[in-house]
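Below, each chain spelled out in residue letters.
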Amino acid sequence: MKAKKILFITQEIEPYVPESSYTLLGRQMSQHILERGREIRSFMPKWGNINERRNQLHEVIRLSGMNLIIDDTDHPLIIKVASIPAARMQVYFIDNDDFFQKRLSVADKDGKEYTDNAERAIFYARGVLETVKKLRWVPDVIHCQGWIASIVPVLIKTAYKEEPSFRDCKVVFSVVDQPLTHPLPETFADAITYRECKPEVLDGLASPLQAEDLQKLAIKYSDGVAISSAEPCQSIIDYAEQSGTPILPYAGEDWDKYLEFFDAIWSEGKTEEDEDED
């Protein structure tokens, strides 16, 4: 049984930011899967180093305008979109003046790590999920990549579990390099709280929470884990193996292995009758 619709919630996509292992994963995998006949949607943050004019980003007014409350503070959600003509791909960007405008991905130009990265990940996750709802698009599999997408799995399995767009989907989280070093703030449990997503989702993780616990949290609430780094953090790999969640070993740039993994995760527990309904 094939996963016909795949949502990519990623950290970086070429050509919008300088080439890296993140941009390779974000661009080439989704393009390859699109070329294999699957329907996709791709999201990334609108980092401050993205040139909007050169890359022809424009705001989607009908999707923008919502305010998301993170840790008792209102943050306006702005949605932008651009196309990669060579790949026949559209990319949606999550933007906000506080979290993304004039700010880089992990640290500022002097290398100082942002202290609100955890809150940025929460805003990004909720921003993507609310936008997908507005698009009235129902993915079969959601692929999340990087620390910035680590909050998505827990929200889908708790706060958004009854939403028509997400209640039947499967979530795969890609373990990549761990760029964050600062412990998570003491207010993280309150900041992540939303609907049925309660502080109890953090049970079993370190106290105080460390940066790597963002990826562990994603693994805890995912249906599959893909090792997408040649040298991932060993403690995160150990956590994934102990969780009992299906794991795709490091496959390099063999994107077909990812697609086969997505199909396997999507098919698990389904019957021929389910396939007929799809």
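These figures come from a predicted structure and were not determined experimentally.

What counts and how
- Residues numbered from 1 in each chain as written.
- Predicted model: local features only at pLDDT ≥ 70, side-chain atom pairs only at ≥ 80, totals over all residues.
- Heavy atoms only, no water.
- Helix = DSSP H or I, 4+ residues; strand = E, 2+ residues; numbered from the N terminus.
- Buried < 20%, exposed > 50% of the residue type's maximum accessible area, 1.4 Å probe, protein only.
- Contact = heavy atoms within 4.5 Å.
- Areas by Shrake-Rupley, 256 points an atom, 1.4 Å probe, with all protein chains shown as cover.
- Lys, Arg positive; Asp, Glu negative; His and termini not counted.
- Charge placed at Lys NZ, Arg CZ, Asp CG, Glu CD.
- Disulfide = S-S within 2.5 Å.
- Core = buried A, V, L, I, M, F, W, Y, C linked by side-chain atoms within 4.5 Å.
- Pairing = 2+ DSSP bridges.
- Axes fitted to C-alpha atoms, helices over the stretch in contact; angles between N-to-C directions.
- Parallel < 35°, antiparallel > 145°, perpendicular 65-115°, else oblique.
- Left-handed = near helix turned anticlockwise from the far one by under 90°.
- Nonpolar A, V, L, I, M, F, W, Y, C, P; charged D, E, K, R; others polar.

**Notes on the overall build of the chain**
Then step 1. Regarding its fold elements, the chain presents 9 helices and 11 strands.
Then step 2. Each of the three principal axes of the chain carries a C-alpha extent, and together these read 50 × 45 × 35 Å.
Then step 3. Per-residue burial over the chain gives 56% buried out of 278 residues.
Then step 4. For the chain, long-range pairs separated by at least 24 residues make up 70% of all intrachain contacts whose partners lie at least 6 apart in sequence.
Then step 5. Accessible area of the chain: about 12,400 Å², with a carbon and sulfur share of 45%.
Then step 6. Computing the positive centroid from 32 side-chain charges and the negative centroid from 48, the chain places the two 6 Å apart.

**Some thoughts on the state of the cysteines**
Then step 1. Overall, the coordinates contain 0 disulfides when judged by the stated rule.
Then step 2. A disulfide-free cysteine, Cys233 has its sulfur positioned 19 Å from the sulfur of Cys144, the nearest such atom.

**What to know about unusual backbone geometry**
Then step 1. Residue Glu14 is joined to Pro15 through a cis peptide bond whose omega torsion reads 15 degrees.
Then step 2. Considering the arrangement of structural elements, one finds Pro15 in the loop between β1 (5-9) and α1 (21-35).
Then step 3. Even without glycine at this site, Asp71 takes up a positive phi of about 55 degrees.
Then step 4. Within the secondary structure, Asp71 sits in the loop between β4 (67-70) and β5 (73-76).
Then step 5. Phi at Arg136 is positive, roughly 55 degrees, even though this residue is not glycine.
Then step 6. Considering the arrangement of structural elements, one finds Arg136 in the loop between α3 (117-135) and β8 (141-145).

**So, the nonpolar core**
Then step 1. By size, the foremost hydrophobic cluster in this structure holds 102 residues, and its most contacted members are Tyr16, Met44, Tyr124, Ile151, Phe188 and Leu217.
Then step 2. Considering every element that reaches this core, the biggest residue donor is α3, with 10 residues.
Then step 3. With sequence-adjacent residues up to four places away left out, Tyr124 is seen in contact with Ile9, Thr10, Phe43, Met44, Pro45, Ile94, Phe100, Ile148 and Ala149.

**So, the pairing of β4**
Side-chain positions along a regular strand alternate between the two faces of the sheet.
Then step 1. By the alternation rule, side chains of β4 split into Leu68 and Ile70, which are all buried, and Asn67 and Ile69, of which none is buried.
Then step 2. Note: β4 against β5, 4 bridges, orientation antiparallel. Residue pairing for β5: Asn67 is matched across the bridge by Pro76.
Then step 3. The turn joining β4 and β5, which pair antiparallel and follow one another in sequence, is formed by 2 residues; a positive phi near 55 degrees is taken by Asp71.

**Concerning the side chain of Gln215**
Then step 1. With respect to the element layout, Gln215 can be found in helix α6 (residues 213-220).
Then step 2. Gln215 gets classed as buried once you look at its relative accessible area, which sits at 0%.
Then step 3. Other than its neighbours up to four places away in sequence, Gln215 contacts Ser150, Phe173, Ser174, Val175, Val176, Asp177, Gln178 and Ile236.

**As for the packing of α1 against helix α8 (residues 255-267)**
When two helices pack together, their arrangement is given by the angle between the helix axes and by the axis-to-axis distance.
Then step 1. Between α1 and α8, whose axes approach to 9 Å, the crossing angle comes to 70 degrees. One way to sum up the angle between α1 and α8 is to call them roughly perpendicular. Judged by the twist between their axes, the crossing of α1 over α8 is right-handed. Only Trp255, Asp256, Tyr258, Leu259 and Phe262 of α8 make contact with α1, whose side of the interface consists of Leu24, Leu25, Gln28, Met29, His32 and Ile33.
Then step 2. Residue composition of the contact of α1 with α8, by class: 8 nonpolar, 2 polar and 1 charged.

**Overview of the sheet that holds strand β11 (residues 247-248)**
In any sheet, the strands associate via hydrogen bonds between backbone groups, in a parallel or an antiparallel arrangement.
Then step 1. With mixed pairing, 9 strands are arranged side by side in an open sheet as β3-β6-β7-β2-β1-β8-β9-β10-β11. Lying at the two open borders of the sheet, with one neighbouring strand each, are β3 (58-59) and β11.
Then step 2. Contacts from α6 reach β9 (170-175) and β10 (224-227) within the one sheet, and its direction differs from that of β9 by about 150 degrees.

**Remarks on the side chain of Ser165**
Then step 1. Positionally, Ser165 belongs in the loop between α4 (152-157) and β9.
Then step 2. Among the residues examined, Ser165 registers a relative accessible area of 8% and is labelled buried.
Then step 3. In this structure, Ser165 is in contact with Val132, Lys133, Trp137, Val138 and Pro139, ignoring residues within four places of it in sequence.

**Let's talk about the packing of α6 against helix α7 (residues 234-243)**
Then step 1. The N-to-C vectors of α6 and α7 enclose an angle of 15 degrees; their axes lie 10 Å apart at closest approach. Looking at the two axes, α6 sits roughly parallel to α7. In the crossing of α6 with α7, the sense of the turn from one axis to the other is right-handed. On the side of α6, the interface is formed by Gln215, Lys216, Ile219 and Lys220, while α7 contributes Ser235, Ile236, Tyr239, Ala240 and Ser243.
Then step 2. Tallied by class, the residues present in the contact of α6 with α7 amount to 4 nonpolar, 3 polar and 2 charged.

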